[in-house]
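# Report on the structure
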Amino acid sequence: MSEIIQPASADDVVETLNWGLERKTTFEVMGRGSKLGLGHAVDAEYVLDLSKLSGVDFYQPEELVLSASPATPMDEIKALLSTNRQQLAFEPPDLSAHLGKKPDAGTLGGVLACDLAGPRRIKMGSARDHFLGFDAVSGRAEIFKSGGRVMKNVSGFDLSKLMAGSLGTLAVMTRVIVKTMPVAEKTRTVLIGFKSGETKAGIQCLMDALGSPHDVSGAAFVPEKLTKRCSVELVKNAGCGVAALRIEGPPSSVEFRCRAIRESCPDAVFVEELHSVNSGKFWQEVRDVTMLNPEFYGADTNQMLWRISVPPSGAAAVAGRISEKISGDVFHDWGGGLLWLKCPCDDTGNADAADWLRAVVNDVKGHATLMSAPETVKQSVPVFHPAAAPMARLAKNIRNAFDPEGLLNPGRMGT
Amino acid sequence: MLMPKPDKAVIDRRDRIIADLVAMLGGDNVLKDEDELRVYECDGLMMYRQLPMVVVLPETTAQVSDILKYCTENSIKVVPRGAGTGLSGGALPLADGVTLGLGKFNKIIDIDFDNRAVVAGPGVTNLDLTKAVEDRGFYYAPDPSSQIACTIGGNVAENSGGVHCLKYGLTTNNILGVEMVMMDGEIVTLGGKALDQAGYDLLGVITGSEGLLGVITEVTVRILRTPEKAQALLLGFDSTEAAGDCVTKTIAQGIIPGGMEMMDTFAIEAAEDFVHAGYPMDAKALLIVELDGPEVEVAELTDKVKAIAESCGATSVRISENEEQRLKFWSGRKAAFPAVGRLSPDYLCMDGTIPRGRLGEVLGKISEMSDHFGLRVANVFHAGDGNLHPLILYDANIEGEAEKAEQFGSDILKLCVAVGGVLTGEHGVGIEKRDLMGEMFSDDDMKQQQRLKCAFDGKQLLNPGKVYPTLHRCAELGRVHVHHGKTRFPDLPRF
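We now turn to the structure provided with this report. What you are looking at is a predicted structure, and each value in this text was computed from that prediction instead of being measured.

So, about the overall build of chain B. A count of helices and strands for chain B gives 18 helices and 19 strands. Against the 2.2 N^0.38 benchmark of 23 Å for 495 residues, chain B shows a C-alpha radius of gyration of 24 Å, consistent with a compact globule. A principal-axis box enclosing the C-alpha atoms of chain B has dimensions of 70 × 65 × 60 Å. Within chain B, contacts between residues at least 6 apart in sequence are counted, and of these 71% link residues at least 24 apart. Surface exposure of chain B reaches about 18,100 Å², of which carbon and sulfur atoms provide 49%. Across chain B, the mean location of the 49 positive side-chain charges is 4 Å away from that of the 72 negative side-chain charges.

The structure is reproduced here in structure tokens:
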């Protein structure tokens, strides 16, 4: 177990990292540790525990902006925003069940550092699209900032984008500023049934709906087998694959759009509607990937969870090829383009299957991330989609620009 | 404006360089005579002009790659250029530099409705993207005022906005991928048609990088379905505070309008004289609020916004009754820059962003500055997102007035930063705001950004002299400085 260091201010972080540079040591950076399972294991001498850098600096709902220390718990952020009927519109998922952690334990900084986004990604973008600015300490032990507290800002390079999804490999954030958005007055979900084996038709239905003027804010396809794991009765008892389309907005508009979508699917096996509470439940289960939770696989812990991102038009083909080769479970979010795949692996690491999967995904210009797997597997399978040589060089140059000595989270994103 | 000192050795080799470029691209794609070069001497920031050493107009990605490789090998600076509509001088040529125009990359390559994506050359205009898909009911959301002329490549370089940003985002939120050539000639693809990419978000950091990191040769944009209906409210107020209050209350009620624009008295008068949009001439502030979506939603929200406006003391409320009238309401706002320009031989368009709550204070101070400098100013404001465009009127033929206007502009931007805002909301830093970067960023902030540039362009040949006031060598920036013996680390809690 590495020694834990707990800075309480940005200056503490500077001094710690400066000391680290002097000592040529390494740090595993963490907020509350809820996402430590993402990426490769970090072999660092110390843990840099940021949990004391917590608390909201300011929140101005009328200006849609919130500034907080990075380790502010997401619970706290969510509770605060809900008092003003606002939210982080990118719907940060809670993947704790897959990462072997306690639920609802994440921090705002962690969500941003992992650039996680839920079903509303198709309409509102990802964490990176809501990340306005930050203060940080680089691996050079220097304080720097980027962005600001306003929505529109092109002053200098947009380093917030780079920090989002960098998994703490570039710098230690000490303050973050995000955009907040109103919660819709009303939410409904139209469920459209498709006979089993009709993934292609189901995804086409999602793509058509996203190309309609009905402003869909969630578009998922759940095959029949997985519907049975859903806690919402209408889905659980569907008896067929279900395409789900979420509609949000003022009540009159939601009713109108739901009706229009229902009328556009005369050939469906069934068409149903979820109201607010069940909609909330269903999309939370899609968001957190609960239909592939370990509990459904019992004692068999030799399982991998893959997150596969492809253009929606290529999604059905990828799902088809996977089902021919791998015995696993798949469902689709993001209009079809995000595939969640749970499949078995063997103790040796199953690298061949991973290479095969990535080749299939490459054919449609997508990428696949290994979100969870036994540690032995992660030792032989790259968690992140291998980059082409020039891109890998660029990524290395960027890391060197921020953390030339490799102080922060060494190995987290692979070599 | 101090630019990097021209490299005499490069200028001395001009004939040789031109001959090499002609051999590479053919004579038609290389411009070298003064009358041809004159066209490229400035962009939309006409205050600064410089003839480029040579202009190249490649037609293929391979040619761009060849040019950049050649320039790297021969240590020649390169300035990329789209349509040259940029307002911050990002495409200002260098006397010892090659200006690389992307105008010939003007084809739409792929329209993909299933993935709601369009792939286009960087020289395709912003408006042509929408025109290519509008027959099927789609559009490309970011709409800078220059959308007839500005190109998508330039939009990516500047992270352009427009009046719909609050609801639909900036360029960075609406593109899916780019093909880019690095300064060493390497061709890379960032993103594609999937919603996200593996590894660091290079697409995000390229967007708005003002031609300092790479040359974009293809862009994949996300298209959206055109809303069923759009309706505009024209709201007059007797103070900018009341108008600002209306904006705040609208957002506080959870309404995010498609567009929300404010104009002050001077801007209202100028626009009305120019296009006769029917603006209330007695108003001290005018707000245009556009709501879009399904017809029922627009009707519901229009009623709500009308009620909010009335509760904020609106002196006049008009609601567009048809598309023609909606466009009429907008015509004055869209023509505000030329309308103000008509009243003066020259004008300077500023572009700061402020926290919206500070609007009244900022406008008050701008008015004081206007008296101080003896120069008139009109204000138009993207009210939803706090992006302020003061238009400073001056006459360049009057000795010293241009300098005074610049000083006024720079004081406004300093004010924006002082109230918690930023130097530029959507026009970019370029050369215009380069020397003000220190108002917003510390030396360490800027050095860290420049290290990112070094990661892409180690010889710093791509668009040098823009954005950052001081050039540092990459080797110098790369050094790690350990502050020995200054730590109090052992005092920190350890477990």
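Residues and elements named next belong to chain B. The full count for this structure, using the stated rule, is 1 disulfide over all chains. Across the disulfide, Cys454 is cross-linked to Cys474 (sulfur-sulfur distance 2.0 Å). Because the sign of the S-S torsion sets the handedness, a value of about -90 degrees for the bond joining Cys454 and Cys474 places this disulfide among the left-handed ones. In this pair, Cys454 sits in helix 17 (residues 443-456) while Cys474 sits in helix 18 (residues 474-478), placing the two residues 20 residues apart along the sequence. Each of the two residues, Cys454 as well as Cys474, counts as buried.

Here we take up the interface of chain A and chain B. Each partner contributes to the interface: chain A provides 85 residues, whereas chain B provides 99 residues. For the pair chain A and chain B, the summed buried surface comes to about 7,900 Å²; carbon and sulfur atoms form 58% of the total. Considering only the side of chain A, the residues that lose the most area to chain B are A:Lys152, A:Val154 and A:Phe157, jointly responsible for 12% of the buried surface there. Summed over the shared surface of chain A and chain B, the result is 9 salt bridges. Residues A:Arg307 and B:Asp196 are paired through a salt bridge, measuring 2.7 Å at the closest nitrogen-oxygen approach. On the surface where chain A and chain B come into contact, there are 36 residue pairs in polar contact (both at pLDDT 80 or more). It is helix 15 (residues 389-402) of chain A that provides the largest number of residues to the side of chain A that touches chain B, a total of 10 residues.

All names here are of chain B. Ordered by their spatial adjacency, 4 strands build an open sheet running 1-2-4-3, and the pairing between neighbours is mixed. Looking at which strands have only one partner, the edges of the open sheet turn out to be strand 1 (30-31) and strand 3 (77-81). Judged from the 3 bridges that link them, strand 2 (residues 54-56) and strand 4 (residues 97-101) form a sheet pairing that is parallel. Within strand 4, the position partnered with Val55 by the bridge is Thr99. Sheet strands in contact with helix 4 (residues 61-73) are strand 2, strand 3 and strand 4, and its direction is about 170 degrees off that of strand 4.

For the structure on display, the rule yields 11 aromatic pairs over all chains. Pairing A:Phe134 with A:Phe144 gives two aromatic rings, centres 5.7 Å apart and planes at 90 degrees, and the pair type is edge-to-face. Remark: A:Phe144 occurs in strand 8 (residues 143-147) and A:Phe134 occurs in strand 7 (residues 131-138); sequence separation between them is 10 residues. Across this residue pair, the class does not change: A:Phe134 and A:Phe144 are buried. Relative to B:Phe408, the ring of B:Phe373 lies with its centre 5.1 Å away and its plane at 15 degrees, an arrangement referred to as stacked.

Bringing the nonpolar core into the picture now. Residue and element names in this part refer to chain B. Among the nonpolar cores identified, the biggest contains 188 residues, and Phe237 and Phe456 are the most heavily contacted of them. When residues of this core are assigned to their parent elements, the largest contribution, 8 residues, is made by helix 15 (residues 401-418). In this structure Phe237 touches Ala242, Ala243, Cys246, Ala283, Lys284, Ala285, Leu287, Ala309, Cys312, Gly313, Ala314 and Thr315, once residues within four positions along its chain are discounted.

All names here are of chain B. For strand 10 (residues 215-222), the buried fraction is high: 7 of the 8 residues fall into the buried class. Sheet topology places strand 6 (residues 117-120) next to strand 10; 4 bridges connect them, and they run antiparallel. The residue of strand 10 that forms the bridge with Ala120 is Val219. Of the pairings in the sheet, the one linking strand 8 (residues 175-181) to strand 10 comprises 6 bridges and is antiparallel in character. Looking at the pairing, Gly177 lines up with Thr220 of strand 10.

All names here are of chain A. Within the secondary structure layout, His40 lies in the loop between strand 2 (27-30) and strand 3 (46-49). On the basis of relative accessible area, His40 is assigned to the buried category, the value being 14%. Side-chain polar atoms of His40 contact the backbone oxygen of Lys378, separated by 3.4 Å. Residues in contact with His40, not counting those within four places in the same chain, are Lys378, Val381, Pro382, Val383, Gly411, Arg412, Met413 and Gly414.

Definitions and cut-offs
Residues numbered from 1 in each chain as written. Chains lettered and ligands numbered in written order. Predicted model: local features only at pLDDT ≥ 70, side-chain atom pairs only at ≥ 80, totals over all residues. Heavy atoms only, no water. Helix = DSSP H or I, 4+ residues; strand = E, 2+ residues; numbered from the N terminus. Rg over C-alpha atoms; globule rule 2.2 N^0.38 Å. Contact = heavy atoms within 4.5 Å. Areas by Shrake-Rupley, 256 points an atom, 1.4 Å probe, with all protein chains shown as cover. Lys, Arg positive; Asp, Glu negative; His and termini not counted. Charge placed at Lys NZ, Arg CZ, Asp CG, Glu CD. Disulfide = S-S within 2.5 Å. Buried < 20%, exposed > 50% of the residue type's maximum accessible area, 1.4 Å probe, protein only. Buried area = accessible area lost by both parts, 1.4 Å probe. Salt bridge = Lys/Arg side-chain N within 4 Å of Asp/Glu carboxyl O. Polar contact = N/O pair within 3.5 Å; in protein donor to acceptor, adjacent residues only side chain to side chain. Pairing = 2+ DSSP bridges. Axes fitted to C-alpha atoms, helices over the stretch in contact; angles between N-to-C directions. Phe/Tyr/Trp six-rings, centres within 6.5 Å; stacked < 30°, edge-to-face > 60°. Core = buried A, V, L, I, M, F, W, Y, C linked by side-chain atoms within 4.5 Å.

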